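Structure at a glance
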Amino acid sequence: MFFKKGLHMTLVFLMFFFFISSSMTEVYAADRKASDKNKVRVWFSSEKDPASRTWYDGPQEVKYALDEQTPLTLTKKKASDTAAVYIDPSRRYQSVLGVGSSLEESTIHNLSKMTPAKRKEVLKKLVDPKDGIGMDVMRITIGTSDFTAQEFYTYDDMPEGQTDPKLRHFSIQKDIDLHITATIKEALAINPELKIIASPWSPPAWMKTNENLKRGKLKDKYIGELAVYFRKFIEAYEKQGIPIYAMTLQNEPLLEIDYPSMYMSPSQQRKLALALKKEMKKHVIDTKIWIYDHNASGAWNYIPPILDDKKGNRAADGIAFHDYDGDLSVMSEIGKRYPDQSIHLTERSIWGTAGADRIAQYFRNGASSYNAWVTMLDSQIKTHHWIGTPDPTLFIQDAKNPDRYWNIPIFHMTGNFSKFIDRGAKRIESNYGSKNTVSNVSFLNPDQSIVTVVINQTSADQKFHVVSENRQFEAVIPAKTVATYKWKQKK
């Protein structure tokens, strides 16, 4: 009898213990879920000697290099006398394609000097979304540009005085021999979501008025042939396993200079866009055509003659800008006039917190993507044919020991954008702030996480608070630092 009664009491106790434990587990899980909803993750990157060529001398220590910090907590909105960033996720703007750099021949020439393991290590740091900074748009050149270690070439070069209108001699073999296609495929293997965009610096010399890759203009009679040339390039790269997501029709069409270059009028570019779109349709190619590919300063004179024409507008899929001259607000104005055209910042290298703020401004002015220009030169600032002396590149290779390399701070600062803003994210409303305190740009990712990149260009730590959906968090960003804040949108 005692045994039965004892067993009964034991069972009652166990059931009670199980109930209490389950309840506590549920409470703990609920608390943890609520805590996760209110948690703000934080990453810092700091500048050091931005744009200084001393970076070519060797690596230097920086305080923060995309380092994760102690999480912050979202609380109910309350009064604060610090600088404020106000975010409204319900007000959404352009979709994000991505952030990246370039795999032009100078970079690939230096990468090809490395052992396979080191080359893969660099590429992973660039494009791997988990182990790197997750760049997901890379710009390549159609033929060579000024940043090459080679003699200038195209895919159909002919002896002086000879032409090849049937393009019988077309070949991308040099790109294969120079490891260009192999390196791009290696990057795609690391990140299959990588989008490749391409730009030509010059068509074959025989197509041009001066019969030279430098300077000159395209002969009108070869507009159709150049469209076929571009189509054959896309097909040749596709056969190599490299899909071309988008291409521009001429890098910097308003510039003639002593490296591969060519002036192309708006009228001629419109005709070329129509001819290329026709070629693509005939051969079932879905590569996007982005017009212009030059500075904001010349945009209003160049873009309307193409896009105000109905056929020209239908032939184009987007507008590419560079950032060497002009006000970035032009991108926003052009975007409002042509809302069916995506906007892209396809070329500009920047440095330091001022550079990070420039990236923020690209997105705030409607850009769906940003690409830096030239990823890696060596410590002797080689090899290239540009007419000036380049400022430091994202990676620098030791000229005496090719497997040794280092990055400059803007690599990590670019990662404050590329690693956390996902493809398909929408830029959302936020007040810009001030260069005298903090500035920012904000996004809503497809997974409903909010990402805000905050930039402190000042020489002092800055206190501020972020307000979104009646919640806020208080933060301090160190001097000369870029910070990424990420949290879940309120449901």
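Before reading on, note that the structure itself is shown above.
Every value quoted in this text rests on a predicted model; they were computed, and no experiment measured them.

Rules used in this analysis
Residues numbered from 1 in each chain as written. Predicted model: local features only at pLDDT ≥ 70, side-chain atom pairs only at ≥ 80, totals over all residues. Heavy atoms only, no water. Axes fitted to C-alpha atoms, helices over the stretch in contact; angles between N-to-C directions. Helix = DSSP H or I, 4+ residues; strand = E, 2+ residues; numbered from the N terminus. Parallel < 35°, antiparallel > 145°, perpendicular 65-115°, else oblique. Left-handed = near helix turned anticlockwise from the far one by under 90°. Contact = heavy atoms within 4.5 Å. Nonpolar A, V, L, I, M, F, W, Y, C, P; charged D, E, K, R; others polar. Buried < 20%, exposed > 50% of the residue type's maximum accessible area, 1.4 Å probe, protein only. Right-handed = clockwise from strand over helix to strand, strands pointing away. Pairing = 2+ DSSP bridges.

Viewed as axis vectors pointing N to C, helix α12 (residues 352-364) and helix α13 (residues 409-418) meet at an angle of 30°, and their least axial separation amounts to 10 Å. Put simply, α12 runs roughly parallel to α13. Every pair of crossing elements has a handedness; the one defined by α12 and α13 is right-handed. Contacts from Gly352, Thr353, Ala356, Ile359, Ala360 and Phe363 of α12 reach α13 at Ile410, Met413, Thr414 and Phe417. Grouping the amino acids of the contact of α12 with α13 by side-chain chemistry returns seven nonpolar, three polar and no charged.

With that settled, the discussion passes to the packing of helix α3 (residues 116-127) against helix α5 (residues 180-190). The relative placement of two packed helices is expressed as an angle between their axes plus a distance between the axes. In the contact formed by α3 and α5, the axes pass within 10 Å of each other and the chain directions differ by 55°. Classified by the interaxial angle, the pair formed by α3 and α5 is oblique. Crossing handedness for the pair α3 and α5: right-handed. Touching Pro116, Arg119, Lys120, Leu123, Lys124 and Val127 of α3 are Thr183, Glu186, Ala187 and Ile190, all from α5. Partitioning the contact of α3 with α5 into residue classes produces five nonpolar, one polar and four charged.

Okay, the pairing of strand β11 (residues 342-347) next. Most of β11 sits inside the fold, with five of its six residues counted as buried. Once you follow strand β10 (residues 318-322) into helix α11 (residues 329-337) and on to β11, the crossover reads as right-handed. Taken together, the three bridges between β11 and strand β12 (residues 367-371) define a ladder with parallel strand orientation. Across the sheet, isoleucine 343 pairs through a bridge with alanine 367, a residue of β12. Crossover β11 to β12 through α12 is right-handed.

Moving on to the sheet that holds strand β5 (residues 98-100). The strand order β5-β12-β11-β10-β9-β8-β7-β6 describes an open sheet built from eight strands, whose pairing is parallel. One side of each edge strand has no neighbouring strand; the edge strands of this open sheet are β5 and β6 (137-142). With direction set aside, neighbouring strand axes in the sheet form an average angle of 25°. Set on the sheet, helix α7 (residues 266-282) makes contact with β8 (244-248) and β9 (288-295); between it and β9 the angle comes to about 155°.

Let us now look at the sheet that holds strand β13 (residues 376-378). Here we have three strands laid out as an open sheet, ordered β13-β14-β15, and mixed in their pairing. For this open sheet the edge positions go to β13 and β15 (405-407), each flanked by a neighbour on one side alone. Sheet twist, expressed as the average angle between the axes of neighbouring strands with direction ignored, equals 25°. Sheet topology note: the strand β14 (residues 395-397)/β15 ladder contains three bridges and is antiparallel. Bridging across to β15, phenylalanine 395 finds its partner in asparagine 407. On the sheet, α3 packs against β14 and β15 and is oriented at approximately 5° with respect to β15.

All quantities given are derived from atomic positions and should not be read as evidence of function.
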